[in-house]
Amino acid sequence: MPRFLTGTSQKGLIKSMQHITSSSVNDSTSDITITAVVINSSVIIPNGQFSSFAGASANDQSTYSGGSSSPCTAEFTSTTNVRITATDRDMFGANYDSKAATFYGTVIEYDL
């Protein structure tokens, strides 16, 4: 006969999941407010990101566009905040262009 514990939670299961998205420009940070989690029992899993750049080169004024995979970083700054940092995505050196990045991720809190 199986036995069940009532009134207790099983350890190691997922307690909560929160999907996060952040768009930012070159060399910037953005803060995302989340529902409070226990940081020691939580992880941020990147689900994907996209970086793009477009504009004119300083030397020949030709138009460039494209994409790159320069990673954004994600870290907890408090129990209710995740900070996304966009790295420098300056592919062509001295460019007059815009470089944007979008980060997609999931905050998972485990019941430890």
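It should be noted that the structure appears before, not after, this text.
Rules behind the numbers
Residues numbered from 1 in each chain as written. Predicted model: local features only at pLDDT ≥ 70, side-chain atom pairs only at ≥ 80, totals over all residues. Heavy atoms only, no water. Helix = DSSP H or I, 4+ residues; strand = E, 2+ residues; numbered from the N terminus. Buried < 20%, exposed > 50% of the residue type's maximum accessible area, 1.4 Å probe, protein only. Contact = heavy atoms within 4.5 Å. Pairing = 2+ DSSP bridges. Axes fitted to C-alpha atoms, helices over the stretch in contact; angles between N-to-C directions. Salt bridge = Lys/Arg side-chain N within 4 Å of Asp/Glu carboxyl O. Core = buried A, V, L, I, M, F, W, Y, C linked by side-chain atoms within 4.5 Å. Polar contact = N/O pair within 3.5 Å; in protein donor to acceptor, adjacent residues only side chain to side chain.

A. Structural context of the overall build of the chain. From N to C terminus, the chain includes zero helices and seven strands. Put simply, the chain runs from its N terminus to its C terminus through helices and strands in the order β-β-β-β-β-β-β. Looking at the chain as a whole, 31% of its 112 residues are labelled buried. Put simply, 74% of the contacts in the chain that link residues at least 6 apart link residues at least 24 apart.

B. The sheet that holds strand β5 (residues 72–78), seen in detail. Read from one edge of the open sheet, three strands run β2-β6-β5, paired in antiparallel fashion. Of all the strands in the sheet, just β2 (29–33) and β5 have a single pairing partner and so form its edges. Direction aside, the axes of adjacent strands within the sheet are offset by 25° on average.

C. Local environment of the pairing of strand β6 (residues 81–86). In terms of strand pairing, β2 meets β6 through five bridges, oriented antiparallel. Note on β6: the bridge partner recorded for Ser 30 is Ile 84. For β5 and β6, the ladder comprises six bridges, and the chain directions are antiparallel. Along β6, the bridge assignment pairs Glu 75 with Arg 83.

D. Up close: the pattern of salt bridges. Across all of its chains, the model carries one salt bridge by this definition. Arg 83 is the partner of Asp 31 in a salt bridge, and the nearest nitrogen-oxygen pair spans 2.8 Å. Residue Asp 31 is located in strand β2, and its partner Arg 83 is located in strand β6; the two are separated by 52 residues in the primary sequence. A relative accessible area of 45% means that Asp 31 is categorised as partly exposed.

E. Looking closely at the nonpolar core. Core analysis: the largest hydrophobic core is formed by 13 residues, its most contacted members being Ile 20, Ile 34, Phe 76, Val 82, Ile 84 and Val 107. Elements represented by at least two residues in this core include exactly β5, β6 and β7 (95–111). Leaving out residues up to four positions away in the same chain, Ile 34 has contacts with Gln 18, Ile 20, Phe 76, Thr 79, Thr 80, Asn 81, Val 82 and Val 107.

F. Structural detail: the side chain of Thr 106. Along the chain, the position of Thr 106 falls in strand β7. In this structure, Thr 106 is in contact with Met 17, Gln 18, His 19, Ile 20, Val 43, Ile 44, Ile 45 and Asn 47, ignoring residues within four places of it in sequence.

G. Quick look at the side chain of Thr 102. As for its placement among the helices and strands, Thr 102 is situated in strand β7. A polar atom in the side chain of Thr 102 sits 3.3 Å from the side chain of Ser 23.

As far as function goes, none of this settles anything; it's purely spatial.
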